[in-house]
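# Descriptive analysis of the structure
What follows is the residue order along each chain.
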Amino acid sequence: MRGPLGAVIGRYPSSDGSAQMGGIIRHNRKCKDVVFLVIFIAFWVAMIVNSSFGFNKGNPLRLTYGIDYKGNVCGDKHAHPGLRELELRYWLNPNQVYQSGLKDSQFKLANARSICLLDCPVPSDDGLNWVCDYPEGDIRLSMNDWIDRNYDYFEFLTPEMRNASLQLQGPCYPVVFPSVNVYWSCQFIARSSNISLRHWEQMGGVHINEDIVIDKSIHRSINSRSSVLKRYMADIGKSWPVLIVCGGILPLFLSVFWLLMIRHFVAAMPWITVALFNILIISVTMFYYLKAGWIGNDAISPIIGQHDPYIQVSARELNHLRAVAILMTIIMVVAVLTSIAIVRRILMATSVLKVAAKVIGEVQALIIFPVIPYVILGIFYMFWFSAAFHLFSSGEVLQNNCNTNCCAYDLVSKRVNCDRCCGYSVHYTPHIGIAIFFHLFGGYWATQFFIACSSTVIAGSVASYYWARGETSPEIPFLPVFASMKRLIRYSLGSIALGSLILSFVESIRFMLESMRRKLKVAGTTPDNWFGKVAFHVSRFCLKCIDWTIRSVNRNAYIMIAITGKSFCKASAIATELIINNILRIGRVNVIGDVILFLGKLCVSLSSAVFAFLMLDTHKYRSAHNKVSSPLFPVLVCWGLGYVVATLFFAVVEMSIDTIILSFCQDSEEHQGTAQYAPPLLIETLNDQSEMQRLTQGP
């Protein structure tokens, strides 16, 4: 049997009938769910160990640039020879590229001889240009001299070297095909220069294959799924200033501004929020249409730098943007229709928000408090993203095993070498995939943990206000917030760790099942009969319902943890019982309030996405070194970060409403249906049923 909460927190009647003032909780608490706190701490230790593996083995340059025939990452200043600013991978032997593109060929493009250059070579208009291997051995040139000579030292070759070069075995190779910089790889254009090819044949060079295959071979490698995923990760790293501004600073100011507007203009904010949400979601959708090339001429291009405008190269990134544009169109239509449907219920949301505004006005530290978890999460994300880049780029650069002819002239040994001439690749072991999944799970769990801590502190502060009858006292402005923080840190961190862990597990299961569904769909093994399809979609729907239920239970459990100090499971049971017993009384009011707050969070996160699009559309991110392959991932990350920041600050209003309502339900139960501690504004909002019906019914 639960004891009365009036004697637990705030002002409560004493044994002699008088009222005592207490801004802090008045019963003995004990540490709850300690085991899960220990598990959380152990998990953090494991996260640090896991991240140290990534920092030790990873190299984020691998996400963007290719690997030459020596196993060096292009652009790596620590390579031998030093490749600083030499970021473009170029395949020297066109016949090897052609052979790798043949359907039944065993030769792989990864084994074709490639080097790193500053720019992509172009054929000569009146002769034959050469691209020669890195200078070493008898070639007494520095790397800078080699670059200044446009990678050509053919005139210094001995007769033996020249003969090997005419056999396409190096050290110098003819530039017969034009090439363009496609995501830091020089993609051949299967349109050879007649003048260069004539000079090559006159010199006695071997036959060079001219076919569209030479184009498709490199294009297939550049557009492989693994290469696209690496580029997406690299895009996030290159756009870190955008993430800081649009994913951190901007949502901070927008969230604080929204709270201040709620405090002073509560009647207008629901209408402003709904209108702004529709404007922003339409704007984001239009930006996707622009970048997908369906509106205007601003579609993303995989080609970097100046190039012939008639050269067109397709890319997976463009297809992904178009798919997202279609998805955003559907979401936009549903969102606009939903906004129209809830217009008549906005007045009810206004009544609920007035209660929250009253609380914020009395406990003013609530507006400032979210800055604390915001700073903690900001520091955590900087570490987490850095470790993620290194984990995604970790692996061993090992020489491939190939049984094909890849002979090439070795300047050091002064002969054509056919031993160990295979190319290099980054080899990933299964444990790297596990480490990445562990890192992703840890990031989500930590995010949910910090959000839950923030929500619990807010709930404890608001409960202090409620059970003090909503009266102003010298203790209310700041003391409840810091007292609630103290109670959380001392007694309830284990319960918060358990609640956030449960939510993280459910989300992980949903993610894995969704990944399996997509793989089965790609493989064509999805169920064909109607029963299998129904079961398939019902299972997805059930998982979403379970996820929503757990989120709702968690939020109310955190409130009861803040008030009663119970363990997570007991607090969940108390909160669930209160809600079920009063569902008809509070359901409509609470739901419409949550909808308006959800739209408010989306307004902040969509604003982050819009400004991210604008920043990524500047010259810095559209050309040269910092070019992002697609704005898709940076925008989505800014959207997600903006939503997390908004959740921290909007929890002030959200948890205020939920805490007041749960406290009201408990207050009513303890006093035979008549709440004794509720502020007059809350009683007017929740108890005047005829007024609520009038507000929600149509004409």
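Definitions and cut-offs
- Residues numbered from 1 in each chain as written.
- Predicted model: local features only at pLDDT ≥ 70, side-chain atom pairs only at ≥ 80, totals over all residues.
- Heavy atoms only, no water.
- Helix = DSSP H or I, 4+ residues; strand = E, 2+ residues; numbered from the N terminus.
- Buried < 20%, exposed > 50% of the residue type's maximum accessible area, 1.4 Å probe, protein only.
- Contact = heavy atoms within 4.5 Å.
- Areas by Shrake-Rupley, 256 points an atom, 1.4 Å probe, with all protein chains shown as cover.
- Polar contact = N/O pair within 3.5 Å; in protein donor to acceptor, adjacent residues only side chain to side chain.
- Axes fitted to C-alpha atoms, helices over the stretch in contact; angles between N-to-C directions.
- Parallel < 35°, antiparallel > 145°, perpendicular 65-115°, else oblique.
- Disulfide = S-S within 2.5 Å.
- Arc of directions from axis to C-beta.
- Patch = residues over 30% accessible without salt bridge, like charges linked within 9 Å, V, L, I, M, F, W, Y side chains within 5 Å.
- Salt bridge = Lys/Arg side-chain N within 4 Å of Asp/Glu carboxyl O.
- pLDDT = per-residue confidence, 0-100.
- Phe/Tyr/Trp six-rings, centres within 6.5 Å; stacked < 30°, edge-to-face > 60°.
- Lys NZ or Arg CZ within 6 Å of the ring centre and 35° of its normal.
- Left-handed = near helix turned anticlockwise from the far one by under 90°.
- Pairing = 2+ DSSP bridges.

Further remarks concern the overall build of the protein. Broken down by element type, the protein carries 21 helices and 12 strands. Looking at the protein residue by residue over its 699 residues, the buried ones come to 55%. Sequence separation of at least 24 residues holds for 77% of the intrachain contacts in the protein that already meet a minimum separation of 6. Of the roughly 32200 Å² of accessible surface on the protein, a fraction of 62% belongs to carbon and sulfur atoms.

Here S179 lies in strand β7 (residues 179-182). Engagement of the side chain of S179 in a polar contact is seen with the backbone oxygen of P121, the distance being 3.2 Å. Discounting residues that sit within four places of it in the chain, S179 has contacts with Y90, C120, P121, C186, Q187, F188 and I189.

Attention now moves to the packing of helix α17 (residues 568-581) against helix α19 (residues 632-670). Interhelical geometry of α17 versus α19 gives an angle of 75° and a closest axis separation of 10 Å. As judged from the angle between their axes, α17 and α19 are roughly perpendicular. Of α19, the residues touching α17 (which contributes A575, L578, I579 and N581) are L662, C665, Q666 and E669.

Examined against the element boundaries, V242 turns out to sit in helix α8 (residues 240-264). For the pair formed by V242 and S608, sequence separation is 366 residues and the distance between their alpha carbons is 9.6 Å. For V242, the contacting residues outside a window of four places in its chain are G247, A612, M615, L616, Y621 and C638.

Under the criterion given, the structure shown has 4 disulfides. The disulfide that involves C74 links it to C116, with 2.0 Å between the sulfurs. Given an S-S torsion of about -75°, the disulfide between C74 and C116 has left-handed geometry. Of the two residues, C74 is situated in the loop between α1 (34-57) and β3 (88-91) and C116 in strand β4 (residues 114-117); the sequence distance between them amounts to 42 residues. Of the two residues, C74 and C116, neither departs from the other in class, the shared state being buried. Disulfide pairing is shown between C120 and C186; the S-S distance is 2.2 Å. One disulfide, between C120 and C186, carries an S-S torsion of -95° and so falls in the left-handed class. Of this pair, C120 sits in the loop between β4 and β5 (129-132) while C186 is found in strand β8 (residues 185-188), placing the two residues 66 residues apart along the sequence. No difference in accessibility class separates C120 from C186, as the two residues are buried.

S196, L197 and W200 are the residues of helix α5 (residues 194-202) that are buried. The buried residues of α5 occupy an angular sector of 95° when the element is viewed end-on, so they sit on one face. Exposed residues lying more than 90 degrees from the buried face of α5 are N194 and Q202. In this structure, the buried residues of α5 make contact with β5, α4 (159-166) and β6 (172-175). Remark: G204 follows α5 within two positions and exhibits a positive phi of approximately 90°.

Taken together, the side chains of I282, M286, W294, I295, I326, I330 and V334 make up a nonpolar region of the molecular surface, amounting to roughly 600 Å² of accessible area. Listed by contribution, the elements that provide at least two residues to the nonpolar patch are α9 (269-292) and α10 (316-341). Among the elements that line the nonpolar patch, the one with the most residues is α10, at 3 residues. Mapping V334 onto the fold places it in helix α10.

Once that is clear, we can look at the confidence of the model for the protein. The predicted model of the protein has a mean per-residue pLDDT of 81, with 84% of residues at 70 or higher. Across residues 5-26, confidence stays below pLDDT 50; counting only partners more than four residues off in sequence or on other chains, it has 58 contacts. Taken as a whole, residues 689-699 scores under 50 in pLDDT and shows 17 contacts with residues more than four places along the chain or in a different chain.

Applying the stated rule across the entire model yields 31 aromatic pairs. Residues F43 and W445 carry aromatic rings whose centres are separated by 4.9 Å and whose planes lie at 65° to one another, so their mutual orientation is edge-to-face. Here F43 is found in helix α1, whereas its partner W445 is found in helix α14 (residues 430-467), with 402 residues between them in sequence. In this structure F43 comes out as buried when scored by relative accessible area, which is 12%. Its end group placed over the ring of Y69, R113 keeps NZ or CZ at 3.7 Å from the ring centre.

With that settled, the discussion passes to the packing of α1 against helix α13 (residues 371-392). At a minimum axis separation of 8 Å, α1 and α13 run at an interaxial angle of 45°. Classified by the angle between their axes, α1 and α13 sit oblique to one another. Considering how the two elements wind past one another, α1 and α13 form a crossing that is left-handed. Note on element contacts: α13 touches α1 through F380, F383, W384, S386, A387, H390 and L391, opposite W44, M47, N50, S51, F53, G54 and F55.

Residues of β7 alternate between two faces, with S179 and N181 on one and V180 and V182 on the opposite face, all of them buried. Bridge count for β7 against β8 is 4 bridges, and the pairing is antiparallel. Counted as the bridge partner of N181 is C186 from β8.

So, about the pairing of β4. Going residue by residue along β4, you find S114 and C116 tucked away on one face and I115 and L117 tucked away on the opposite face as well. Inspection of the sheet shows β3 paired to β4 by 4 bridges, in the antiparallel sense. Residue pairing for β4: R89 is matched across the bridge by C116.

Moving on: the environment of N129. Mapped onto the secondary structure, N129 falls in strand β5. Note: C-alpha distance between N129 and V176 (47 residues apart in sequence) is 7.9 Å. If near-sequence neighbours (up to four positions away) are discounted, N129 is found in contact with V122, P123, S124, Y173, P174 and V175. There is a polar contact of 3.0 Å between the side chain of N129 and the backbone oxygen of V122.

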